[in-house]
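# Fold and contact review
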Amino acid sequence: MNVGANADETAYREFLNATTDFSFSLVSNAQAQPYAFFGLLLNKFFQDAQFTNRLISLISAVFLLLFLFRYYKKQKFTNLIQGNPFISNLIVFNVLSSVLLVLSCHFVGTSDMISVAFALPAFILLTEVLFYKKQHSVIIIGLLFALSFTSRPTFLISLAAYLLSIVFIMRKQLFSKQLIFVGLFFVAFTALINFSPIVNQGKIVLDIKTIAKETGTSWFEMNYLMAKKWDAGEIPNTQWLSSDDVIQYKKEHPDFVFPKNYIDIMVNDTGMFTRQLLRMFGTSMYSSFRYMYVLFPFLIVFPFLKKKEEDLLVNKTVYFTLSFYFISLLIFIIIAIKLMEFRWMHIAIVFYAFYTINATKTISENKRVLLFNSVFVVGILFFILKMLKG
């Protein structure tokens, strides 16, 4: 399981190595509380922090894959190949597993994968409630949102993109009873998970990477300086700066003024900001195709395809999925400044693939066969290319 070291795993590994007892207060005050809970529980058996953390990510991915496949099989369109349910199920399972596992987060001992594993079922269940009037528990959806958020707060960006998509595509649902109750349970369960720090410190604990103030710099300054140097061609975009590099730069350039926030960059360094946006967007389009294969362009051209049947709900879901994906992408690109890490898009990627498969029910079987054959061929070609590159 991912033999090489991963710097992102350090804090999670050190937490388990430094902790021997198990209590609600300890978990409630820990970063990434759901991840810490399972980590403390399993590490009592394995006594190996790195293995335990990576095992949690792997188990999260497996359970998520089983949920996606089972839900799709029971609730959505699975008759992809007429009269051959085994091949249809095999196609769905292979496509979902490929898209879900391609980012390899299931082999990394961080809270990323468990956050995705909580968020995706919640987003899909909520979408089914809002679009298809399915009867799914708003309590469960709110709980899953809270577990995802407390595992990894970047979940909020996906939630913001989801709500903005509702504003654009289904504005009337924004104040629906179901959505309001989901929000209330989300807040309630988040407070419950953070009960100890709220009572004792008056705050919630979030798993956010920070650089100590006494260091003399911040992640924002470090990312901005990297983007600035990449844009000027002073360092390759494969080279990352450390906090020490930023501090040294400040000593060598005492008159250089760092921007205070993102608005400051947009206003006073518009050229660099625009070039970075275009670079990241171009890279993201390639990555989207690389991780979702032909499914990615298929959904984009779907509104223009001739269909054997018109399904207004499917069409609206397609527009919503495209909106959710590209709004998520835009927000992450703006926040990144330097270079967006595509693993941040994990929720949107799998959501996109899930509803793309469902959209194929409105096209002819011949077109479906061609589409999925193309998906597998392109996927194999990317795998061969990766093997050749070593």
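Residues numbered from 1 in each chain as written. Predicted model: local features only at pLDDT ≥ 70, side-chain atom pairs only at ≥ 80, totals over all residues. Heavy atoms only, no water.

## Regarding the pattern of salt bridges
As a reminder of what qualifies: Counted as salt bridges are all cases of a side-chain nitrogen of Lys or Arg within 4 Å of a carboxyl oxygen of Asp or Glu. The secondary structure listing takes helices from DSSP runs of H or I that are at least 4 residues long and strands from runs of E that are at least 2 residues long, numbered from the N terminus. For every residue, the accessible area (1.4 Å probe, protein chains only) is compared with the maximum for its type, and the residue is labelled buried under 20%, exposed over 50%, or partly exposed between those bounds.
A complete count under the given rule lists 11 salt bridges for this structure. Between Asp269 and Lys228 there is a salt bridge; the shortest N-O distance is 2.7 Å. Linking Asp269 in the loop between α13 (262-268) and α14 (270-292) with Lys228 in helix α11 (residues 219-232), this pair joins segments that are 41 residues apart in sequence. What makes Asp269 buried here is its relative accessible area of 13%.

## Brief notes about a nonpolar patch on the surface
Here is the rule: Patch definition: residues above 30% relative accessible area lacking any salt bridge, with like charges linked at up to 9 Å and the nonpolar side chains Val, Leu, Ile, Met, Phe, Trp and Tyr linked at up to 5 Å. Reported accessibility uses the Shrake-Rupley method at a 1.4 Å probe radius. Residues are deemed covered only where the shown protein chains occlude them.
Taken together, the side chains of Val377, Ile380, Leu381, Phe383, Ile384, Met387 and Leu388 define a hydrophobic patch exposed on the protein surface, amounting to about 760 Å² of accessible area. Mapped onto the elements of the fold, Leu388 is located in helix α18 (residues 365-389). For Leu388, a relative accessible area of 71% gives the class exposed.

## Structural notes on the side chain of Thr190
To keep things clear, this is the line we draw: In what follows, a contact means two residues having at least one pair of non-hydrogen atoms within 4.5 Å.
As for its position among the elements, Thr190 is in helix α9 (residues 177-193). When its relative accessible area of 8% is taken as the criterion, Thr190 is described as buried. The contact partners of Thr190, leaving out residues within four places of it in the chain, are Ala146, Phe149 and Thr150.

## Structural notes on the environment of Ser28
Note on placement: Ser28 falls in helix α2 (residues 24-28). A residue is classified by how much of its surface remains accessible, and Ser28, at 1% relative accessible area, is buried. A C-alpha to C-alpha distance of 20 Å links Ser28 and Glu9, two positions 19 residues apart in sequence. Among all residues touching Ser28, those that are not within four sequence positions of it are Gln33, Ile193, Asn194, Phe195, Ser196, Pro197 and Val205.

## Here we look at the packing of helix α1 (residues 10-18) against helix α3 (residues 33-46)
For the record, the criterion: Lines are fitted to the C-alpha atoms to define the axes, a helix being fitted only along its stretch in contact, and any angle between axes, read from their N-to-C directions, falls within 0 to 180 degrees. Should an angle fall under 35 degrees it is called roughly parallel, over 145 degrees roughly antiparallel, and 65 to 115 degrees roughly perpendicular, with every other angle called oblique. For any helix crossing, the convention is left-handed if the near helix is rotated counterclockwise from the far helix by under a right angle, and right-handed if that rotation is clockwise. Here the nonpolar group is Ala, Val, Leu, Ile, Met, Phe, Trp, Tyr, Cys and Pro; Asp, Glu, Lys and Arg are the charged ones; every other residue, Gly included, is treated as polar.
Where α1 contacts α3, the two axes come as close as 10 Å, and the packing angle between them is 50°. One way to sum up the angle between α1 and α3 is to call them oblique. In this structure, α1 crosses over α3, and the sense of that crossing is right-handed. Residues Tyr12, Phe15 and Leu16 of α1 form the contact with α3, whose participating residues are Tyr35, Ala36, Gly39, Leu40 and Asn43. Tallied by class, residues from the contact of α1 with α3 come to 6 nonpolar, 2 polar and no charged.

## Observations concerning the packing of aromatic side chains
The criterion, for reference: Each Phe, Tyr or Trp ring, with Trp reduced to its six-membered ring, pairs with another whose centre is within 6.5 Å; inter-plane angles below 30 degrees give stacked pairs, above 60 give edge-to-face pairs, and intermediate values give tilted ones. Distance and angle both matter: a charge sits over a ring if NZ of Lys or CZ of Arg is within 6 Å of the ring centre and within 35 degrees of the ring normal.
Tallied over the entire structure, the rule returns 42 aromatic pairs. With 5.5 Å between their ring centres and 85° between their planes, Tyr249 and Phe256 make a pair best called edge-to-face. Here the aromatic rings of Phe296 and Tyr325 are separated by 5.9 Å at their centres, their planes lie at 55°, and the arrangement is tilted. Here Tyr325 lies in helix α16 (residues 312-336) and Phe296 lies in helix α15 (residues 295-301), a separation of 29 residues in the sequence. Overall, the relative accessible area of 5% leaves Phe296 in the buried class. Above the plane of the ring of Tyr132 lies Lys76, whose end atom (NZ or CZ) is 3.9 Å from the centre. Sitting over the ring of Phe258, Lys250 keeps its end group 5.4 Å from the ring centre.

## Here's the deal with the environment of Ser104
By the element assignment, Ser104 lies in the loop between α5 (85-101) and α6 (112-132). Separated by 47 residues in sequence, Ser104 and Ser57 place their C-alpha atoms 9.8 Å apart.

## Some details on α9
Here is the rule: For a helix, the expected span equals 1.5 Å multiplied by the number of residues minus one. Note: the arc covers the axis-to-C-beta directions of the helix.
Taking 1.5 Å per residue, 17 residues should reach 24 Å; α9 reaches 24 Å between its end C-alpha atoms and fits that length. Taken as a whole, α9 has its buried residues at Leu179, Val182, Phe186, Phe189, Thr190 and Ile193. Across the axial projection of α9, the buried residues extend over an arc of 105°, all falling on one side. Along α9, the residues that are exposed and aim more than 90 degrees away from the buried face are Lys177, Leu184 and Val187. Tucked into the core, α9 has its buried residues touching α2, α3, α6, α7 (138-151), α8 (155-169) and α10 (195-201).

## Considerations on the packing of α16 against helix α17 (residues 346-359)
Direction vectors running N to C along α16 and α17 enclose 160°, while the axes themselves pass 10 Å from each other. One way to sum up the angle between α16 and α17 is to call them roughly antiparallel. Here α16 and α17 pass one another in a crossing that is left-handed. Contacts from Val314, Thr317, Val318, Phe320, Thr321, Leu322, Phe324, Tyr325 and Ser328 of α16 reach α17 at Ile347, Ala348, Ile349, Phe351, Tyr352, Tyr355, Asn358 and Ala359. Among the residues making up the contact of α16 with α17, the classes are represented as 13 nonpolar, 4 polar and no charged.

Read these as layout, nothing more, since geometry by itself doesn't imply function.
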